[in-house]
Amino acid sequence: MTLDVRSAGSLRAHLGAAAAQLAASTPYSVELVAQDVRWDPGSPRLFQDYRGDLSGRYLDAVEAAVADGHPVDGAKSEAVLRAVLAAQQPDGFFGPPALALQVDQGAAWGHGRLLHGLLSARRWAADGAAVDAATALLADGIGARVPQWLRWVVAAGRQKFRLDPFSAVLPLALHAEASGAKPALVAARTLAEALPADADRAHMHGYLLALRGQLEVARLTGADDLLRDAQERADVVAQRYLLPHGGVTESLTLPWDANTEGCGIADWVMLNLRLYQLLDDPRYLDRAVVAAFNALLHTQRASGHFGCETLSGEDGVLLSDYAPEAWWCCTFHGLRALRHLVVHAVDADADVVRVHLPLALTARDGAGVPVLTVTGDYPYGDTVELTTGPGLRAAELHVRVPSTAGVRRLLVGGAPARASAADGWLRLAAPPPGTTVTVELAQHEWFDVDGEATVPPFANTTLPAPDLATARVAAFRGPLLLAASTADNPPDDVLRGRFLVHPREQRAFVHEAGGVRAATSGHDSFAADLTLAPLAGSDRSRHDRTVRTWFQGLLYARRTLHH
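Treat the numbers as computed from the prediction; the structure is a model and nothing was measured. (Residues numbered from 1 in each chain as written. Predicted model: local features only at pLDDT ≥ 70, side-chain atom pairs only at ≥ 80, totals over all residues. Heavy atoms only, no water.)

Student: Looking at this model, I keep getting lost on unusual backbone geometry. Mind explaining?
Tutor: What is expected of a backbone is that most residues other than glycine have negative phi and most peptide bonds are trans. The residue after tyrosine 378, namely proline 379, is reached through a cis peptide bond having omega 10°. Looking at where proline 379 falls in the secondary structure, it is placed in the loop between strand S7 (370-375) and strand S8 (383-388). Omega for the bond connecting proline 456 with proline 457 falls within 30 degrees of zero, at 5°, which places this linkage in the cis form. In this structure, proline 457 sits in the loop between strand S15 (452-454) and strand S16 (473-477). One non-glycine residue, tryptophan 39, adopts positive backbone phi at about 50°. Here tryptophan 39 is to be found in the loop between helix H2 (30-38) and helix H3 (53-67). Judged by relative accessible area, tryptophan 39 falls into the partly exposed class, the value being 30%. (Helix = DSSP H or I, 4+ residues; strand = E, 2+ residues; numbered from the N terminus. Buried < 20%, exposed > 50% of the residue type's maximum accessible area, 1.4 Å probe, protein only.)

Student: Hey, could you run me through the side chain of glutamate 250 in this one?
Tutor: Relative to the helices and strands, glutamate 250 resides in the loop between helix H10 (224-240) and helix H11 (262-279). Note on glutamate 250: relative accessible area 6%, which makes it buried. A distance of 2.7 Å separates a polar atom in the side chain of glutamate 250 from a polar atom in the side chain of lysine 160. Once residues within four sequence positions are removed from consideration, glutamate 250 is found in contact with Lys160, His203, Met204, Asp257, Asn259, Thr260 and Glu261. (Polar contact = N/O pair within 3.5 Å; in protein donor to acceptor, adjacent residues only side chain to side chain. Contact = heavy atoms within 4.5 Å.)

Student: Mind showing me how you'd approach the environment of tryptophan 550 here?
Tutor: Here tryptophan 550 is to be found in the loop between strand S22 (547-548) and strand S23 (553-555). A C-alpha to C-alpha distance of 24 Å links tryptophan 550 and proline 282, two positions 268 residues apart in sequence. In contact with tryptophan 550, other than residues within four places in its own chain, are Leu243, Pro244, Leu311, Asp315, Gly316, Leu318, Arg472, Val473 and Ala474. There is a polar contact of 3.3 Å between the side chain of tryptophan 550 and the side chain of aspartate 315.

Student: Honestly, the pairing of strand S13 (residues 436-443) in this entry has me stumped. Any pointers?
Tutor: The two faces of the sheet receive side chains in turn, since in a regular strand these alternate between them. Of all 8 residues making up S13, 6 are buried, and the element is well covered by its neighbours. Taken together, the 5 bridges between S8 and S13 define a ladder with antiparallel strand orientation. The partner of threonine 387 across the bridge, within S13, is threonine 436. (Pairing = 2+ DSSP bridges.)

Student: Looking at this structure, I do not really get the packing of aromatic side chains. What am I missing?
Tutor: The geometry of an aromatic ring pair comes down to the distance between the two centres and the angle between the two planes. In total, this model carries 11 aromatic pairs according to the counting rule given. Within the aromatic cluster, the residues linked to one another by ring pairs are Phe47, Tyr50, Trp327 and Trp328. Across the ring face of tryptophan 39, the terminal group of arginine 51 is positioned such that the distance to the ring centre comes to 4.3 Å. Taking NZ or CZ as reference, arginine 145 lies 4.3 Å from the ring centre of phenylalanine 93, over its face. (Phe/Tyr/Trp six-rings, centres within 6.5 Å; stacked < 30°, edge-to-face > 60°. Lys NZ or Arg CZ within 6 Å of the ring centre and 35° of its normal.)

Student: Help me out: how do you make sense of the sheet that holds strand S5 (residues 352-355) in this one?
Tutor: Overall, mixed pairing links the 4 strands, which are arranged S4-S5-S9-S12 in an open sheet. At either end of the open sheet lies a strand with only one pairing partner, and these are strand S4 (346-348) and strand S12 (425-429). Strand-to-strand, the axes of this sheet are offset by a mean angle of 15°, without reference to chain direction. For strand S9 (residues 396-400) and S12, the ladder comprises 5 bridges, and the chain directions are antiparallel. Note on S12: the bridge partner recorded for valine 399 is leucine 426. (Axes fitted to C-alpha atoms, helices over the stretch in contact; angles between N-to-C directions.)

Student: Is there a simple way to think about the pattern of salt bridges in this case?
Tutor: One side chain can pair with another of opposite charge once the charged atoms of both are near each other. Scanning the model with the defined rule gives 36 salt bridges in all. Here arginine 339 and aspartate 68 are joined by a salt bridge, their closest N and O atoms 2.9 Å apart. In this pair, arginine 339 is assigned in helix H13 (residues 330-343) and aspartate 68 in the loop between H3 and helix H4 (74-85), connecting sequence segments 271 residues apart. Neither residue differs from the other here; arginine 339 and aspartate 68 are each classed as buried. Between arginine 219 and glutamate 177 there is a salt bridge, with the nearest N and O atoms lying 2.8 Å from each other. In this pair, arginine 219 is assigned in helix H9 (residues 204-221) and glutamate 177 in helix H7 (residues 169-179), connecting sequence segments 42 residues apart. (Salt bridge = Lys/Arg side-chain N within 4 Å of Asp/Glu carboxyl O.)

Student: I keep staring at the sheet that holds strand S11 (residues 415-416) and nothing clicks. Help me out?
Tutor: Backbone hydrogen bonds hold the strands of a sheet together, and the pairing may be parallel or antiparallel. Pairing is antiparallel in the open sheet, where 7 strands are placed in the order S1-S6-S7-S8-S13-S10-S11. Since the sheet does not close on itself, it has two edges, and those belong to strand S1 (4-7) and S11, each with one partner.

Listed below in structure tokens is the structure:
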């Protein structure tokens, strides 16, 4: 059963803020959006040489906004689409005629994004036939260039953007699935199988986008080797480049890059959601949720635009001085990733409705009949209410318990029920329409210690407490990272409070209005209590403030002079 799932609660506000930018004339005039395929000499703009990149992303973002039920400027969207279609050349590519013998990696990247955008535009465009024709011609043009592009990739060595041509893998595969075009699938597989084993120094956004395409090629062709390869590469990214707040660095560079990028984080969210869907391994869902509600939302500004974070020289402290509003890319990709999160939260077949994430949302069947409404605003709230609708015809309702929470109480129609979730799922007989199932969660307070989930006390009767003084440590409640922001604390204390102090026997933080109170220590005798609050949230103006997102170690007692 295909469900029409739409966001609700605070996540809807984040999606709506990004979607509202699409109608704004600044920066998104029709002329600016289409400049990367029109190349008006009197109206140059940033990244116009990445032909089709911004315009393709815009078309895709419109579809994400429409699918989630946000208002869009239909006339403007159609005007952008007409301007783009008018710029297509007989070889399938867009913009002024280009020398076919030359490989322009920016144009290769941009046309991959534009192919994806055209596939998305087909779902809202008035002239679907024109979009289909342009899509097919572009896919054929890209397929004809694949051998040449791959020769360029080999010759590019370790150039940061050498993976740009792999932007086409995902849309080629999706086009092949939608249209039955076998040459497109052949081209997609050729690219997927040629993805370099050595991705060192490459652009993370491009690499993760290629892995997302590789997964679809594997699914469509049955190539299990490609599926395993994508899974193994994703695990390597998690081991080497994953930051404690769930985001990834802007490139695959060691030592680490100086910043994150909203687009790369968005791809990380979407890649892990797809891995979870294909492999039914909850660790991928956990990765996606932590990344989405911390790193990705932290890159969204008060305006609604998404952008980047700067990793300061002080380990654990994030700044917002590097492209905090990347309107040419991150705004669109951030919107798309949040929409992915909503879509993957619930699914159904004839027998079962499964809630993978208890996010606030509405789900309707193909006829628009309500199937399920979820309220409670998880993960910010601990109580989740699921109300069944007349469209729920399955025999069972399954609710996955988040791995960072337990079930405190379960009510069905207001009556207490036995909560059995040994395998991580609450499995219930589907209650009658209009029944509310209430799940009261006990969200755990825990630490990420060098990538490993840890809950105090840190010792037991047979094992001593480990030395964590040099381990990177982040504090969490549920999937939400608790950070020390200069919005709540003196800036000097945030910078100097490098070590979290947590006695071995202490099991929880000190709770107070506005967050939790945590003891911190410096390299010597400095000590301060800091307020920790969720890194990202509904007050997006806080995302511009300097924030200590993780600590450089955990001490069991505050240091004294020279000790």
